[in-house]
Amino acid sequence: MTTLLKGGTVVGPTGAVPADVLIDGETIVALFAPGTAPEGPEIIDATGKYVIPGAVDAHTHMELPFGGTHASDTFDTGTRAAAIGGTTTIIDFAVQRTGEVVQDGLAAWHGKADGNCHIDYAFHQILGGVDDESLKAMDHLVNNEGITSFKLFMAYPGVFYSDDGQILRAMQKARDNGAMIMMHAENGPAIDVLVKQALERGETDPIHHGITRPQELEAEATSRAIWLAAVAADCPLYIVHLSASKALEQVRAARDLGRNVFAETCPQYLYLTLEDQLGAPGFEGAKWVCSTPLRSKHESHRADLWQGLRTNDLSVVSTDHCPFCFKDQKELGLGDFSRIPNGIGGVEHRVDLLYQGVVDGKLSLARWVETIATTPARMFGLYPRKGVIQPGSDADIVLYDPNGRTRISVETHHMNMDHSAWEGWEIDGRVDTVISRGEVIAAGGEYTGRAGRGRYVKRGLSDYLL
Ligand code: DUC
Ligand code: ZN
Ligand code: ZN
């Protein structure tokens, strides 16, 4: 069956152009100047809409075991919410727990996702332990499983933490097999000292989560990761959830030297702050406990991050979607901030929240699409199948209504969370229609997709590999 998206403005990383998009089955087959497409196909009216590639969220954690509980979205609830918000591919993190065989951790992740996803999905692999076995497993995953990126943690000693020697070995392996090392860059052992000291002083409220994770410890770890990667013959390195100006300075300096270093940030760091959210009265701030933490509004973090997105020192915006309910989950940290499960849910809202940056004059339309769709697809080996509207690509397309309006609330969101980190936020713009591999799965506020239609996508190597 052929379908023509007619009358819209196609937006890609090179700009916006009026064009009609022809879909045949699951695939985009042609773009036509307005009025030049052949008669015959079923028409979807895109007049007045931006026609953008389905967004790619390169950082989600469905069902992640963390802090004595599990992230509250399943692959079913989380990918449905993502779809409604205009995201048509997620890359989730399969977990190897310390002591576990990597392939067993991966198999468990397939078990959670298979048959449950509403949109296409891929995996990165978290390495909870770097040793001879897991290094061998890295080759296997790159060569056979379509997993070409591995996340390591410089934080969370005793949970996911890798020491510098382990990190270097994994980077050397990645340099050999072409994989990307993704780094949670915070100095965990130093943070643990600050946390212990704060608790001994009776500082137990959620805001102390942020105060005990100062930007210097993010910048130091970011710098260390960058230099370890240099020692590993410039292994490709991607800093996840970068939140702070000083960490961004490290990335910028490396990129100015032509290094193979990339970074993402997340909507929460672009908009929310230590004082206004994490410092909310009583225990309320627990809703915004995540790591890296929200930063001070009295410093220039948010402006610097927006600038980093414009200059491509920050290449990608992901959500780090890691939702926990307030009741019974965030509440595990009542009286002790260090026991609050770390994470914010937002997989549904990234497309809208970044479009607000366009409305506010902080991002161009082209850069909006690039940071939420095209670059994540290229960064993680999904391009040109995903992240672009061109012949041969999967027909993953969003019609975005710049004249619509979105109000975010727990009353209306679709994530499995009993609160919203964005409660009451109003956005100038709205996801109108979502098409996943040629199938309209959301239109005019009605959802018509289903669990199990999403497929696992094996990824290739990063397009940005030097
Ligand atoms: N950060 C979070 O906020 N949650 C899960 C893991 C992480 O690194
Ligand atoms: Zn992390
Ligand atoms: Zn994460």
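What comes next is a walk through the structure. (Residues numbered from 1 in each chain as written. Chains lettered and ligands numbered in written order. Predicted model: local features only at pLDDT ≥ 70, side-chain atom pairs only at ≥ 80, totals over all residues. Heavy atoms only, no water.)

1. Considerations on the nonpolar core
Among the nonpolar cores identified, the biggest contains 133 residues, and Met171, Ile181, Met183, Leu237, Leu354 and Trp368 are the most heavily contacted of them. Not counting residues within four places of it along the chain, the set of residues in contact with Met183 comprises Leu152, Met154, Ile167, Met171, Ala225, Leu237, Tyr238, Ile239 and Val240. Core analysis: the next-biggest nonpolar cluster, separate from the first, contains 14 residues, Val10, Val21, Ala46 and Ile389 among them. (Core = buried A, V, L, I, M, F, W, Y, C linked by side-chain atoms within 4.5 Å. Buried < 20%, exposed > 50% of the residue type's maximum accessible area, 1.4 Å probe, protein only. Contact = heavy atoms within 4.5 Å.)

2. Details of the pairing of strand β16 (residues 261-265)
It is a general feature of regular strands that their side chains alternate between the two faces of the sheet. Burial analysis of β16 places five of its five residues in the buried class, the great majority of the element. Judged by which residues are buried, β16 turns out to be covered on both faces: Val261, Ala263 and Thr265 on one side and Phe262 and Glu264 on the other are all buried. Taken together, the three bridges between strand β15 (residues 237-239) and β16 define a ladder with parallel strand orientation. The partner of Tyr238 across the bridge, within β16, is Phe262. As a crossover connection, the stretch from β15 through helix α8 (residues 245-256) into β16 is right-handed. (Helix = DSSP H or I, 4+ residues; strand = E, 2+ residues; numbered from the N terminus. Pairing = 2+ DSSP bridges. Right-handed = clockwise from strand over helix to strand, strands pointing away.)

3. Concerning the environment of Ala55
Within the secondary structure, Ala55 sits in strand β8 (residues 55-60). Residue Ala55 is classed as buried on the basis of its relative accessible area, which comes to 0%. When the C-alpha atoms of Ala55 and Thr88 are compared, they prove to be 5.7 Å apart, with 33 residues separating the residues in sequence. Among residues more than four places away in sequence, those in contact with Ala55 are Gly86, Thr87, Thr88, Thr89, Arg350, Val351, Ile372 and Ala373.

4. Observations concerning the coordination of the zinc ion (ligand 2)
By definition of the ideal shapes, four donors in a tetrahedron about a metal sit 109.5 degrees apart, and six donors in an octahedron sit 90 or 180 degrees apart. Only Lys151 (NZ), His184 (ND1) and His241 (NE2) from the protein coordinate the zinc ion (ligand 2), and they sit 2.1 to 2.2 Å from it. Considering all four donor atoms around the zinc ion (ligand 2), the spread of angles at the metal, 85 to 128°, places the coordination shape in the tetrahedral class. Counting along the primary sequence, the residues that act as donors to the zinc ion (ligand 2) give the motif K-x32-H-x56-H. A spacing of 3.9 Å is found between the zinc ion (ligand 2) and the zinc ion (ligand 3). Note that Lys151 is positioned in strand β13 (residues 149-153) and His184 in strand β14 (residues 180-184), a separation of 33 residues in sequence. Here His184 falls in the buried class, since its relative accessible area comes to 1%. (Donors = N, O, S within 2.8 Å, 3.2 Å for Na, K, Ca; no water. Tetrahedral: all angles 85-135°; square planar, octahedral: opposite > 155°, others 65-115°.)

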